[in-house]
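This is what each chain is made of:
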Amino acid sequence: DLVLPRVRSTIEAQCDQIATGKADKEEVVTHALRNFKNKFCYFRDNIGKMEELFGSSFSSIENSGQVWTRCGLTKRFMNFIQGPPARLYNRFTETVYNLP
């Protein structure tokens, strides 16, 4: 909601009102900051819902792929994830290597 063009146009309109003396700068700034804070608090308080939605749609990278080859650094097996994009994942170092 904060990135929509109407939010910017509203703020620009309020800036024009400040410039023409039709609005008080402090009131406009306070109002805008209150709106941004309220949006942030709503997002922060509801981020758990996003995690639930993504969790049901995607599997974690640790549980993906098949054992493929050993890592040259750790000598542990890495998982091949078909993708796209194809990549190798070392679950011990949590490193992802993109493949051509």
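Structure first, text after, so check above.
The paragraphs below set out a description of the structure included in this document.

Scoring rules and cut-offs
- The residue count restarts for each chain, going from 1 along the sequence in the order it is written.
- Only residues with pLDDT of at least 70 get local features here, since the model is predicted, and only at 80 or more are side-chain atom pairs given and counted; chain-wide, interface and lining totals rely on the full set of residues.
- Excluding hydrogens and water, the side-chain figures rest on all heavy atoms present in the structure.
- To pair, rings of Phe, Tyr and Trp, with the six-membered ring standing in for Trp, must have centres within 6.5 Å; the planes then decide the type, stacked if under 30 degrees apart, edge-to-face if over 60, and tilted in the middle.
- Geometrically, a charge over a ring is one whose NZ (Lys) or CZ (Arg) sits within 6 Å of the ring centre while staying within 35 degrees of the ring normal.
- Like-charged residues are merged into a patch within 9 Å and nonpolar side chains (Val, Leu, Ile, Met, Phe, Trp, Tyr) within 5 Å, provided each residue has over 30% relative accessible area and no salt bridge.
- Using a 1.4 Å probe, the Shrake-Rupley method yields the accessible areas, and only the shown protein chains count as cover for residues.
- Salt bridge, as applied in this entry: a Lys or Arg side-chain nitrogen positioned within 4 Å of an Asp or Glu carboxyl oxygen.
- Helix numbering and strand numbering both begin at the N terminus, where a helix is a DSSP run of H or I of at least 4 residues and a strand a DSSP run of E of at least 2.
- Remark: exposure states derive from per-residue accessible area (1.4 Å probe, protein chains only) relative to the maximum for the residue type, with buried under 20%, exposed over 50%, and partly exposed in between.

1. Looking at the packing of aromatic side chains
Then, number 1: Within the structure shown, the criterion is met by zero aromatic pairs.
Then, number 2: In this structure, Arg 76 packs its charged tip against the face of Phe 92, placed 4.2 Å from the ring centre.

2. Section: a nonpolar patch on the surface
Then, number 1: Taken together, Phe 43, Ile 47 and Met 50 make up a surface patch of nonpolar side chains, about 260 Å² in accessible area.
Then, number 2: For Phe 43, the location among the structural elements is in helix H2 (residues 25-57).

3. What about the pattern of salt bridges?
Then, number 1: Evaluated as defined, the whole model comprises two salt bridges.
Then, number 2: Here Glu 12 and Arg 8 are joined by a salt bridge, their closest N and O atoms 2.8 Å apart. Of this pair, Glu 12 and Arg 8 both sit in helix H1 (residues 5-19), four residues apart, roughly one helical turn.
Then, number 3: Judged by its relative accessible area of 59%, Arg 8 is exposed.
Then, number 4: In this structure, the salt-bridge partner of Asp 45 is Arg 44, at a minimum N-O distance of 3.2 Å.
Then, number 5: A relative accessible area of 54% means that Asp 45 is categorised as exposed.

Worth remembering: the numbers are spatial, not functional.
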